[in-house]
Amino acid sequence: MFKAQRLKANRGRALQFTFEGTTVTAYDGETVATALLAAGVTAFNVTRGGEPRMPFCNMGTCFDCAVCVNGHSLVRACLTDVSSGMQVNRQEGK
Ligand code: FES
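In this text, all values refer to a predicted model and were calculated from it rather than measured experimentally. (Residues numbered from 1 in each chain as written. Predicted model: local features only at pLDDT ≥ 70, side-chain atom pairs only at ≥ 80, totals over all residues. Heavy atoms only, no water.)

Engineer: Tell me about the nonpolar core, and please be specific about residues and values.
Structural biologist: Formed by 20 residues in total, the largest nonpolar core has its most connected members in Phe17, Val32, Leu36, Phe44, Ala77, Val82 and Val88. Ranked by the residues each element gives to this core, the list is headed by helix 1 (residues 32-38), at four residues. (Core = buried A, V, L, I, M, F, W, Y, C linked by side-chain atoms within 4.5 Å. Buried < 20%, exposed > 50% of the residue type's maximum accessible area, 1.4 Å probe, protein only. Helix = DSSP H or I, 4+ residues; strand = E, 2+ residues; numbered from the N terminus.)

Structural data, given as C-alpha coordinates:
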(Lines give C-alpha, C1' and ligand atoms only; values in the text may rest on other atoms or scores of the structure.)
Protein backbone atom coordinates (compact mmCIF):
# COMPACT_ATOMS: atom_id res chain seq x y z
CA MET A 1 0.00 0.00 0.00
CA PHE A 2 1.23 3.49 -0.89
CA LYS A 3 2.14 5.63 2.07
CA ALA A 4 1.81 9.38 1.58
CA GLN A 5 4.94 11.28 2.44
CA ARG A 6 5.42 15.00 2.80
CA LEU A 7 8.38 16.27 0.82
CA LYS A 8 10.80 18.61 2.49
CA ALA A 9 10.69 22.09 0.98
CA ASN A 10 13.86 24.10 0.58
CA ARG A 11 13.05 27.79 0.74
CA GLY A 12 15.30 30.53 -0.54
CA ARG A 13 16.73 33.19 1.73
CA ALA A 14 14.23 35.36 3.57
CA LEU A 15 13.72 38.92 2.30
CA GLN A 16 11.35 41.77 2.97
CA PHE A 17 9.30 44.08 0.81
CA THR A 18 6.33 46.34 1.52
CA PHE A 19 2.69 46.11 0.51
CA GLU A 20 0.69 49.28 1.12
CA GLY A 21 3.50 50.36 3.46
CA THR A 22 3.36 47.20 5.58
CA THR A 23 6.44 44.97 5.68
CA VAL A 24 5.95 41.50 4.21
CA THR A 25 8.43 38.65 4.57
CA ALA A 26 8.95 36.43 1.53
CA TYR A 27 11.59 34.04 0.21
CA ASP A 28 13.81 34.14 -2.85
CA GLY A 29 12.11 32.37 -5.74
CA GLU A 30 8.57 33.25 -4.73
CA THR A 31 6.31 35.42 -6.82
CA VAL A 32 4.72 38.57 -5.44
CA ALA A 33 1.35 36.78 -5.63
CA THR A 34 2.60 33.86 -3.56
CA ALA A 35 4.07 36.16 -0.93
CA LEU A 36 0.95 38.31 -0.69
CA LEU A 37 -1.37 35.32 -0.48
CA ALA A 38 0.83 33.78 2.22
CA ALA A 39 0.63 37.09 4.08
CA GLY A 40 -3.17 36.96 3.98
CA VAL A 41 -3.74 39.75 1.47
CA THR A 42 -7.22 39.38 -0.08
CA ALA A 43 -7.38 42.45 -2.34
CA PHE A 44 -4.50 42.93 -4.78
CA ASN A 45 -6.38 45.64 -6.65
CA VAL A 46 -9.76 47.31 -6.70
CA THR A 47 -12.06 47.78 -9.69
CA ARG A 48 -13.53 51.15 -10.62
CA GLY A 49 -16.69 49.98 -8.86
CA GLY A 50 -14.74 49.30 -5.67
CA GLU A 51 -14.75 45.50 -5.88
CA PRO A 52 -11.61 43.76 -4.55
CA ARG A 53 -9.70 41.50 -6.95
CA MET A 54 -7.10 38.82 -6.31
CA PRO A 55 -5.31 36.18 -8.42
CA PHE A 56 -7.55 33.95 -10.50
CA CYS A 57 -5.48 32.15 -13.15
CA ASN A 58 -2.03 32.45 -11.53
CA MET A 59 -0.44 32.10 -14.99
CA GLY A 60 -0.44 35.58 -16.45
CA THR A 61 -3.63 35.75 -18.51
CA CYS A 62 -6.39 37.32 -16.39
CA PHE A 63 -4.65 40.39 -14.87
CA ASP A 64 -6.74 39.99 -11.69
CA CYS A 65 -3.47 40.02 -9.74
CA ALA A 66 -2.33 43.39 -11.12
CA VAL A 67 -0.45 45.53 -8.62
CA CYS A 68 1.73 48.61 -8.70
CA VAL A 69 5.43 47.76 -8.18
CA ASN A 70 7.98 50.49 -7.56
CA GLY A 71 5.67 52.98 -9.29
CA HIS A 72 4.96 50.78 -12.33
CA SER A 73 1.26 50.08 -12.89
CA LEU A 74 -0.43 46.85 -14.00
CA VAL A 75 2.37 44.52 -12.97
CA ARG A 76 1.14 40.93 -12.81
CA ALA A 77 1.98 39.69 -9.32
CA CYS A 78 1.76 36.05 -10.44
CA LEU A 79 4.62 36.54 -12.94
CA THR A 80 6.85 38.82 -10.87
CA ASP A 81 9.52 37.51 -8.52
CA VAL A 82 9.84 39.22 -5.16
CA SER A 83 12.98 41.18 -4.42
CA SER A 84 14.25 42.82 -1.29
CA GLY A 85 13.03 46.37 -0.78
CA MET A 86 10.37 46.19 -3.49
CA GLN A 87 7.45 48.57 -2.89
CA VAL A 88 4.12 47.03 -3.88
CA ASN A 89 0.79 48.83 -3.76
CA ARG A 90 -2.77 48.05 -4.75
CA GLN A 91 -3.68 48.80 -8.33
CA GLU A 92 -6.56 51.26 -8.19
CA GLY A 93 -9.28 51.45 -10.83
CA LYS A 94 -8.13 48.59 -13.02
S1 FES B 1 -3.53 35.72 -11.61
FE2 FES B 1 -4.18 35.94 -13.65
S3 FES B 1 -2.64 37.21 -14.53
FE4 FES B 1 -1.96 36.87 -12.52
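Engineer: Please give an account of the pairing of strand 2 (residues 22-27) that cites residues and values.
Structural biologist: Pairing of strand 1 (residues 14-19) with strand 2, which is carried by six bridges, proceeds in the antiparallel orientation. Note that in strand 2 the partner of Leu15 across the bridge is Ala26. (Pairing = 2+ DSSP bridges.)

Engineer: Now, about the environment of Met86: what can you tell me, with residues and values included?
Structural biologist: Take Met86: it is sitting in the loop between strand 6 (72-76) and strand 7 (87-92). Along the primary structure Met86 and Asp64 are separated by 22 residues, whereas in three dimensions their C-alpha atoms are 20 Å apart. Ignoring sequence-local partners within four residues, the contact set of Met86 consists of Phe17, Thr18, Val32, Val69, Asn70, Thr80 and Asp81. (Contact = heavy atoms within 4.5 Å.)

Engineer: Residue-level account of unusual backbone geometry, with values.
Structural biologist: Of note in the backbone geometry, Glu20 takes a positive phi value of approximately 55° without being a glycine. Structurally, Glu20 is set in the loop between strand 1 and strand 2.

Engineer: Quick rundown of the pattern of salt bridges? Include the residues and the values.
Structural biologist: Per the stated rule, a full pass over the model turns up three salt bridges. The residue Glu30 makes a salt bridge to Arg11 at a minimum N-O spacing of 3.2 Å. A residue pair is termed long-range when its members are at least 10 positions apart, and Glu30 in the loop between strand 2 and helix 1 and Arg11 in the segment before strand 1 qualify at 19 residues. We classify Arg11 as exposed; its relative accessible area is 53%. A salt bridge links Asp64 to Arg53; the shortest N-O distance between them is 2.9 Å. Of this pair, Asp64 sits in the loop between strand 4 (52-53) and strand 5 (66-69) while Arg53 sits in strand 4, and the two are 11 residues apart along the sequence. (Salt bridge = Lys/Arg side-chain N within 4 Å of Asp/Glu carboxyl O.)

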